[in-house]
Amino acid sequence: MAFTLRQLQYFIAVAEQGSVTRAAQNLSISQSSITEAVKELESDLGVELFERHPRGLHITHNGHQFLRHATKILAGVSDARRAFSQEREERTGGKLNLGVTSLVAGYVLSDLLARYRRACPGVEVSAIEDNGSYLEHLLVGGELDVAVMVISNLRDRMALQAEIIETSPYRLWLPLGHPLVSADIISVADIAREPLIMLTVDEIEENTGKLLTALGARPHVAFRTRSVEAVRSLVATGAGIALLPDLVYRPWSLEGDRIESRDVSGALPVVQVGMVWRKGSGLPQSAKDFIGVAEALRSGRARQ
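This one's a predicted model, so the numbers in the text were calculated from it and none came from an experiment.

Conventions we followed
- Just so you know, the residues in each chain are numbered from 1, in the order the chain's sequence is written.
- Two thresholds apply to this predicted model, a pLDDT of at least 70 for residue-level local features and 80 or more for giving and counting side-chain atom pairs, whereas whole-chain, interface and lining totals are computed over all residues.
- Where side-chain values are given, they derive from all heavy atoms of the structure, hydrogens and water being excluded.
- Helix numbers and strand numbers start at the N terminus; a helix is a DSSP run of H or I with at least 4 residues, a strand a run of E with at least 2.
- Note on contacts: a residue pair qualifies if any of its non-hydrogen atoms lie within 4.5 Å across the two residues.
- We get accessible surface area from the Shrake-Rupley algorithm with a probe of 1.4 Å; when it comes to residues, only the shown protein chains can shield them.
- We count Lys and Arg on the positive side and Asp and Glu on the negative side, and we leave His and both chain ends out.
- Charged groups are reduced to one reference atom each: NZ for lysine, CZ for arginine, CG for aspartic acid, CD for glutamic acid.
- Helix axes are fitted to C-alpha atoms over the stretch in contact, other axes to C-alpha atoms as well, and angles between N-to-C directions run from 0 to 180 degrees.
- Any angle between 65 and 115 degrees counts as roughly perpendicular, while under 35 counts as roughly parallel, over 145 as roughly antiparallel, and the rest as oblique.
- Basically, the charged four are Asp, Glu, Lys and Arg, the nonpolar ten are Ala, Val, Leu, Ile, Met, Phe, Trp, Tyr, Cys and Pro, and anything else, Gly included, counts as polar.
- Centres within 6.5 Å are what make two rings of Phe, Tyr or Trp a pair, Trp counting through its six-membered ring; a difference in plane orientation under 30 degrees is then read as stacked, over 60 as edge-to-face, and the rest as tilted.
- Each residue is assigned to one of three classes by its accessible area relative to the maximum for its type, calculated with a 1.4 Å probe on protein chains only: buried under 20%, partly exposed between the two thresholds, exposed over 50%.
- We call a charge positioned above a ring when the Lys NZ or Arg CZ atom is no farther than 6 Å from the ring centre and deviates by at most 35 degrees from the ring normal.
- Think of a nonpolar core as a cluster: buried Ala, Val, Leu, Ile, Met, Phe, Trp, Tyr and Cys residues, connected wherever their side-chain atoms sit within 4.5 Å.
- Helices are assigned an expected span. That span is 1.5 Å times one less than the residue count.
- Here the arc refers to the directions that run from the helix axis out to each C-beta atom.
- We define a salt bridge as a contact between a side-chain nitrogen of Lys or Arg and a carboxyl oxygen of Asp or Glu at a distance within 4 Å.
- Patches in this entry comprise residues that are over 30% relatively accessible and not in a salt bridge; like charges within 9 Å are linked, as are nonpolar side chains (Val, Leu, Ile, Met, Phe, Trp, Tyr) within 5 Å.

### Notes on the overall build of the chain
Then step 1. Check the secondary structure of the chain and you find ten helices and eleven strands.
Then step 2. Counting only C-alpha atoms, the chain reaches 70 × 55 × 30 Å along its principal axes.
Then step 3. Residue pairs at least 24 apart in sequence account for 72% of intrachain contacts in the chain once pairs closer than 6 positions are excluded.
Then step 4. Here the chain has roughly 15200 Å² of accessible surface; of this, 50% comes from carbon and sulfur atoms.
Then step 5. With 33 positive and 36 negative side-chain charges, the chain shows a spacing of 2 Å between the two charge centroids.

### Some remarks on the packing of helix 1 (residues 5-17) against helix 3 (residues 31-45)
When two helices pack together, their arrangement is captured by the angle between the axes and the distance separating the axes.
Then step 1. At a minimum axis separation of 9 Å, helix 1 and helix 3 run at an interaxial angle of 105°. Judged by the inter-axis angle, helix 1 sits roughly perpendicular to helix 3. Contact residues: Gln 7, Leu 8, Tyr 10, Phe 11 and Val 14 in helix 1; Ser 33, Ile 34, Ala 37, Val 38, Glu 40 and Leu 41 in helix 3.
Then step 2. For the contact of helix 1 with helix 3, a count of residues per class yields eight nonpolar, two polar and one charged.

### What about the packing of aromatic side chains?
Then step 1. Under the criterion given, the structure shown has four aromatic pairs.
Then step 2. Between the aromatic rings of Phe 11 and Phe 66, the centroid separation amounts to 5.4 Å while the plane-to-plane angle is 50°, which identifies the pairing as tilted. With Phe 11 in helix 1 and Phe 66 in helix 4 (residues 61-92), this residue pair connects regions lying 55 residues apart in the sequence. Across the pair, exposure class does not vary: Phe 11 and Phe 66 are buried alike.
Then step 3. Taken together through their ring pairs, the aromatic side chains of Phe 11, Phe 50 and Phe 66 make up a single cluster.
Then step 4. A cation over a ring is seen here: Arg 258 above Trp 252, with NZ or CZ 5.2 Å from the ring centre.

### Here's the deal with the environment of Ala 2
Then step 1. Along the chain, Ala 2 turns up in the segment before helix 1.
Then step 2. Linking Ala 2 and Asp 44, residues 42 residues apart in sequence, is a C-alpha distance of 6.7 Å.

### As for the nonpolar core
Then step 1. Among the nonpolar cores identified, the biggest contains 59 residues, and Leu 96, Leu 98, Tyr 116, Val 148, Leu 172, Trp 173 and Phe 290 are the most heavily contacted of them.
Then step 2. Here this core gets eight residues from one element, more than from any other, and that element is helix 5 (residues 102-119).
Then step 3. Aside from chain neighbours lying at most four places away, what touches Leu 98 is Leu 109, Leu 113, Val 125, Ser 126, Ala 127, Ile 128, Leu 144, Val 146, Ala 147, Val 148 and Phe 290.
Then step 4. Ranked by size, the runner-up nonpolar core spans 33 residues in total, among them Leu 8, Ala 24, Leu 74 and Ala 147.

### Examining the side chain of Thr 101
Then step 1. Secondary-structure assignment places Thr 101 in the loop between strand 3 (95-100) and helix 5.
Then step 2. Discounting chain neighbours no more than four positions away, the residues touching Thr 101 are Glu 129, Asp 130, Asn 131, Gly 132, Leu 135, Val 148, Met 149, Val 150 and Asp 202.

### Looking at helix 3
Then step 1. With 15 residues, helix 3 ought to run about 21 Å at 1.5 Å a step, and its terminal C-alpha atoms sit 21 Å apart, in line with that.
Then step 2. For helix 3, the full list of buried residues reads Ile 34, Ala 37, Val 38, Leu 41 and Glu 42. Projection of helix 3 onto a plane perpendicular to its axis shows the buried side chains occupying an angular sector of 135°, all on one side. In helix 3, the exposed residues that point more than 90 degrees away from the buried face are Ser 32, Lys 39 and Ser 43.
Then step 3. Downstream of helix 3 by a residue or two, Gly 46 has a phi angle that is positive, lying close to 80°.

### Thoughts on helix 1
Then step 1. End to end, helix 1 covers 18 Å across 13 residues, agreeing with the expected 18 Å (1.5 Å per residue, within 8%).
Then step 2. Among the residues of helix 1, those classed as buried are Gln 7, Leu 8, Tyr 10, Phe 11, Ile 12, Ala 13, Val 14 and Gln 17.
Then step 3. Gly 18, located one to two residues past helix 1, shows a positive phi value of around 70°.

### Topic: the pattern of salt bridges
Then step 1. What the rule picks out here adds up to seven salt bridges.
Then step 2. Taking the shortest distance from any N to any O, the salt bridge between Arg 258 and Glu 260 comes out at 3.3 Å.
Then step 3. In this structure Arg 258 comes out as partly exposed when scored by relative accessible area, which is 28%.

### Looking at unusual backbone geometry
Then step 1. A positive phi angle is found at Ser 28, which is not glycine, with a value near 60°.
Then step 2. Mapped onto the fold, Ser 28 is located in the loop between helix 2 (20-27) and helix 3.

### Quick word on a nonpolar patch on the surface
Then step 1. Side chains of Phe 3, Leu 5 and Ile 73 sit close together on the surface and give an oily, nonpolar patch of about 200 Å² of accessible area.
Then step 2. Structurally, Phe 3 can be placed in the segment before helix 1.

These results come straight from atomic positions and should not be treated as a statement about function.
Written out as structure tokens, the structure is:
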């Protein structure tokens, strides 16, 4: 029995995630479907692609070799489909398959998409919001043309091309009247003594934790949330402070309470937001135009 494209998709997902459970969650299918597909693929190839352990799977040497072939196969299929649809896209104005991470969706995409629609009104835009690792999977597989996402922690830099749109430094969020608001210099040690409200989207929690650990501070995390608005409300009412990219800062909570923003001394990291697409792919004109609009927006901001 010859292997199927679906088996290749499931195999790549498991290889990237290192776990059948995480792969199933990202693909929104059952674990048993992925397990069965991988076993059938191994049987067809006559090799073990993964070593099974109580804590999960480890890809074998044969698995690494086959991963390169599987990625090329899916990319080739995607290019073939795109080649046959190119003429139809030119007649209808084309279609843009766009990916975006949740943090970027609320603070970067709206302006960028509005400019793109004005420049290319005939293009049909289909957008999906998901986490960065899954969007990378869709880009490599040719299911997305381009994604707008946090690229500071881009994983598959061998297969993907990235271009920065915006760079945002980390700053400290404080409630009005907090003692640190009037401080001349705020150090990481000052932050470590305060309860911290942690945002858990787009690797922000991981980045913040790494930052504080590298600087020798052990934060007391008072609350974790995926909602930026919840962070604003909690900080504004004095439940804690937050260390977040300036990209998502707004001076008021939904309840109308004031939030102050201050610099922190030391070499803090930055969050890079950018466009990502698959290296070597024949991008449709709709995607090339989208990238061009984003580059123009970046250039305009740089001149301001």
